[in-house]
Amino acid sequence: MSEKLFKHKLYVKKNSDVSFTPETLEKIQTIISHYPEGRQKSALIPILHIAQEEFGGSLNVDIMDYVAGLLNITPIEVYEVATFYSQFYIDPVGKYVIEVCQTGPCAICGGEDIMHYLEEKLQIKVGETTEDKLFSLKGVECLGACGSAPVMQVNTEFHEFLDIKKIDEIIAKLRSESEFKKPEELTWKERLS
Amino acid sequence: MERKIILENIEIEGIRSLEVYRENGGYKSIEKALKTMTPDEVVNEVKTSGLRGRGGAGFPTGMKWSFIDKKSGNPRYLVCNADESEPGTFKDRYLLQHIPHRLIEGMICAAYALGANTAYIYVRGEFKTIIGILNEALKETYKAGLLGKNIHGSGYDLDIYVHTGAGAYICGEETALLESLEGKRGNPRLKPPFPAIKGLYGCPTVVNNVETLANIGWIVNNGGETYSKIGIGRSTGTKLISACGNINNPGVYEIELGLPVEEFIYSDKYCGGVKGGKELKAVIPGGSSVPILPKNLMLKTAEGQPRLMSYESLSEGGFITGSMLGSGGFIVYDEDACIVRNTYNFSRFYHHESCGQCSPCREGTSWMESVLYRIENGEGKMKDIDLLVSIASKIEGNTICPLGDAAAWPVGAAIRHFRSEFEFHIQNPEIVKNIKHGKLPLTPKGE
């Protein structure tokens, strides 16, 4: 635990320039306007989602400080939220984050096998990212789609009634889509598309 | 006759759009409520209907509404809980995906009844498609003048916004949801004060489940009296049941409360029996938090009466021989299911989802997971079983929110009804270690 904390990305500030495009800033202003005046902090989670999507799939201290500045709140208020919710990643992730549901109903319908098969196929363990930075494999808790178990999500897209054939197809499709570009070579627009 | 209230007209093509929804009688209740009824009359209809919260607790909705503080002078809020995360439950996702206007219609009536001019729909972050569908539906509703300023010329204003979560089971608890909506960690609040007095931003707030609100339009249209005649006893109306696990037809079914459990499991109209012709072993009838029941107690109560799908019948016998209707997440296990492994799985879930605020839950869920892990992997000792019972009993009732209870109940129930399986795991470590878990071949078929 202590080692993990020591290595925690929260302590590494790169001082790089982080800023949203004017279009995104406009979108963010709309979100803030959904909440009463002085309650702009309510927009934090939606904005972190946008930030994560636009800045390469994960959050770092620069991004979080920037968001804190936008909302006029202290950086710690952003850190504590970003580290609490499982959809926010502080550690860098691959272009495609594959999250397999491992909770009860999926588990009894073959979810455990799906996970093992993906580990074998991608040659990584749960929690790791492939060397080409294309795939990260994670286990998540109930995705609320138990009727179509086993289920996984790739970034935010759901894939249901999984079997091995489907997994093969999904991975092949993602590999061809990516054109083997590494995340750092992609512009954020390409990442979004 | 099958009774449909929430899923009525769901088979109609394009019902997701406002146009088709209105052509089929949608949004009639708005006119009726806003033009012919006072807010208190709407509350009274809901009270008369006997509608109970569909999120899990089953608290009477009309009563919850009547607690809202109307004297504080602060703005009032309505919040819809669409943070559906209870394992085994996927009804709200189904409803929102197919017929989102059912919720919006209900929310307008509910917000009018409460005197709220702002309402939020808190959707779990993983439901990105649902968020898109809801935003689209809201846009149409605004355009048609059913939301915004001066709805239908009634002088009543209402704005509804979609708010996204980011993956936390605990945010389904209403006060944690409010914290999250305020942009904070999802740590539940101490009650009292209840949200009806001090909720969102310290203002009077009502938090209702998607399915609860989806009933309101029908109640306004047809009257609380008519609604109260559907169902059985104090379990009025219909309920969405999301059936999953080892059954032939997993899916979401709207049933009239009072349907026999046996019919629900074996009828082709519903679950269609256990998959592969196997024997039924156990059922969790209301989402992973409620006690698991073995086949005999699931089909019949301890007194030999047929068990019905209702709040009362499912909880008959207390936790000794009964369970709960909960959120309607109906998980079915066949004869091959390993109860120990399943209990371990849920314990891991609750450990992962505990917010860490209360020590009994934070520490207890972690210990239950560790102990169950070693039993499941053939390294358990006999005294571990009593240790688990002891940990569970010390979490239960000692935490701010019900997540502690929800973590403790499944463990207690699994040991109560399937103790021999735990003993078998401990007495036969070699057999347990060599069991291959899983149902799919690891290589594609035909290779």
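Residues numbered from 1 in each chain as written. Chains lettered and ligands numbered in written order. Predicted model: local features only at pLDDT ≥ 70, side-chain atom pairs only at ≥ 80, totals over all residues. Heavy atoms only, no water.

Per the secondary structure count, chain B includes 20 helices and 13 strands. Against the 2.2 N^0.38 benchmark of 22 Å for 447 residues, chain B shows a C-alpha radius of gyration of 23 Å, consistent with a compact globule. Across its three principal axes, chain B shows a C-alpha extent of roughly 75 × 50 × 45 Å. Here chain B holds 447 residues, and the buried ones make up 60% of them. (Helix = DSSP H or I, 4+ residues; strand = E, 2+ residues; numbered from the N terminus. Rg over C-alpha atoms; globule rule 2.2 N^0.38 Å. Buried < 20%, exposed > 50% of the residue type's maximum accessible area, 1.4 Å probe, protein only.)

What follows concerns helix α6 (residues 100-114) of chain B. All names here are of chain B. Compared with an ideal rise of 1.5 Å per residue, which puts 15 residues at 21 Å, α6 spans 21 Å between its outermost C-alpha atoms and is within 8% of the ideal. Summarising burial for α6: 15 of the 15 residues are buried, a large majority. The positive-phi residue at the C-terminal boundary of α6 is G115, with phi of around 75°. (Expected span 1.5 Å × (residues − 1).)

Contacts between the two partners involve 45 residues from chain A, matched on the other side by 57 residues from chain B. Considering only the surface of chain A that becomes buried against chain B, F84, I108 and E141 of chain A emerge as the three largest contributors, covering 16% of it. Residues E53 of chain A and K128 of chain B are paired through a salt bridge, measuring 2.6 Å at the closest nitrogen-oxygen approach. The interface formed by chain A and chain B includes 20 residue pairs in polar contact (both at pLDDT 80 or more). Of all the secondary structure elements, the ones that give two or more residues to the side of chain A that touches chain B are α3 (44-54), α5 (75-82), α6 (104-122) and α7 (164-178) of chain A. The dominant element in the side of chain A that touches chain B, judged by the number of residues it contributes, is α6 of chain A, at ten residues. Taken together, the residues that form the side of chain A that touches chain B break down as 21 nonpolar, 15 polar and nine charged. (Contact = heavy atoms within 4.5 Å. Buried area = accessible area lost by both parts, 1.4 Å probe. Salt bridge = Lys/Arg side-chain N within 4 Å of Asp/Glu carboxyl O. Polar contact = N/O pair within 3.5 Å; in protein donor to acceptor, adjacent residues only side chain to side chain. Nonpolar A, V, L, I, M, F, W, Y, C, P; charged D, E, K, R; others polar.)

To continue, consider the state of the cysteines. Under the criterion given, the structure shown has zero disulfides over all chains. Cysteine C146 of chain A is unpaired, with the sulfur of C142 of chain A as its nearest cysteine sulfur at 3.8 Å. Looking at C244 of chain B, it has no disulfide partner, and the nearest cysteine sulfur is the one in C146 of chain A, 4.7 Å off. Take C244 of chain B: its relative accessible area is 0%, and that puts it in the buried class. (Disulfide = S-S within 2.5 Å.)

Residues and elements named next belong to chain B. Going through the model one piece at a time under the given rule, you end up with 33 salt bridges over all chains. Put simply, K295 and E279 hold a salt bridge, and the shortest N to O gap is 2.7 Å. Of the two residues, K295 sits in helix α13 (residues 295-299) while E279 sits in the loop between α12 (261-266) and β10 (280-284), which places them 16 residues apart along the sequence. Taking the relative accessible area as the measure of exposure, K295 reaches 25% and is therefore partly exposed. It is possible to trace a salt-bridge network through shared partners that takes in R54, K91, D92, E211 and K239.

Before going further, it helps to examine the packing of helix α17 (residues 359-376) of chain B against helix α19 (residues 403-427) of chain B. Residues and elements named next belong to chain B. Axis separation between α17 and α19 bottoms out at 12 Å; the angle between their running directions is 20°. In this view, α17 runs roughly parallel relative to α19, as classed from their interaxial angle. In this structure, α17 crosses over α19, and the sense of that crossing is left-handed. Two secondary-structure elements touch here, α17 through C361, T365, M368, L372, I375 and E376 and α19 through L403, G404, A407, A408, V411, F422, H425 and I426. Residue composition of the contact of α17 with α19, by class: ten nonpolar, three polar and one charged. (Axes fitted to C-alpha atoms, helices over the stretch in contact; angles between N-to-C directions. Parallel < 35°, antiparallel > 145°, perpendicular 65-115°, else oblique. Left-handed = near helix turned anticlockwise from the far one by under 90°.)

The domains assigned to chain A are domain 1 (9-84) and domain 2 (96-177). The straight-line distance from the C-alpha centre of domain 1 of chain A to that of domain 2 of chain A is 28 Å. (Domains from an automatic or database assignment.)

Attention now goes to the pairing of strand β1 (residues 96-101) of chain A. Residues and elements named next belong to chain A. Counting buried residues in β1 gives six out of six residues, a clear majority hidden from the surface. The alternating pattern of β1 places Y96, I98 and V100 and V97, E99 and C101 on opposite faces, both of which are buried. What joins β1 to strand β2 (residues 135-140) is α6, and the crossover it makes is right-handed. (Right-handed = clockwise from strand over helix to strand, strands pointing away.)

The next subject is a nonpolar patch on the surface. Residues and elements named next belong to chain B. On the surface, a cluster of nonpolar side chains totalling about 290 Å² of accessible area is made up of F59, M63 and F67. Relative to the assigned elements, M63 resides in helix α4 (residues 61-66). A residue is classified by how much of its surface remains accessible, and M63, at 39% relative accessible area, is partly exposed. (Patch = residues over 30% accessible without salt bridge, like charges linked within 9 Å, V, L, I, M, F, W, Y side chains within 5 Å. Areas by Shrake-Rupley, 256 points an atom, 1.4 Å probe, with all protein chains shown as cover.)

Looking down a regular strand, the side chains alternate between one sheet face and the other. All names here are of chain B. Of all five residues in strand β4 (residues 205-209), five are buried; the element is thus mostly enclosed. Side chains T205, V207 and N209 project from β4 onto one buried face, and the interleaved V206 and N208 project onto a second face that is buried too. Relative to β4, strand β1 (residues 77-82) runs parallel, the two being bridged by five bridges. Bridge pairing in β4 links N81 to N209. (Pairing = 2+ DSSP bridges.)

A separate point is the domain arrangement of chain B. All names here are of chain B. For chain B, the assigned domains read domain 1 (18-229), domain 2 (233-334) and domain 3 (339-434). The C-alpha centroid of domain 2 is placed 27 Å from the C-alpha centroid of domain 1. Each side of the interface is counted separately: domain 1 has 21 residues, and domain 2 has 25 residues. Carbon and sulfur atoms make up 51% of the area that domain 1 and domain 2 hide from each other, which totals about 1,700 Å². On the domain 1 side of the contact with domain 2, R52, R54 and F90 bury the most area, a combined 31% of that side's loss. Viewed at the interface, domain 2 and domain 1 are joined by two salt bridges. E312 is the salt-bridge partner of R52, the closest N and O atoms lying 2.9 Å from each other. Between the two partners, domain 1 and domain 2, sit 17 residue pairs in polar contact (both at pLDDT 80 or more). If you list the elements that add at least two residues to the side of domain 1 that touches domain 2, you get α5 (91-98) and α11 (224-228). Ranked by residues supplied to the side of domain 1 that touches domain 2, first place goes to α5 with three residues.

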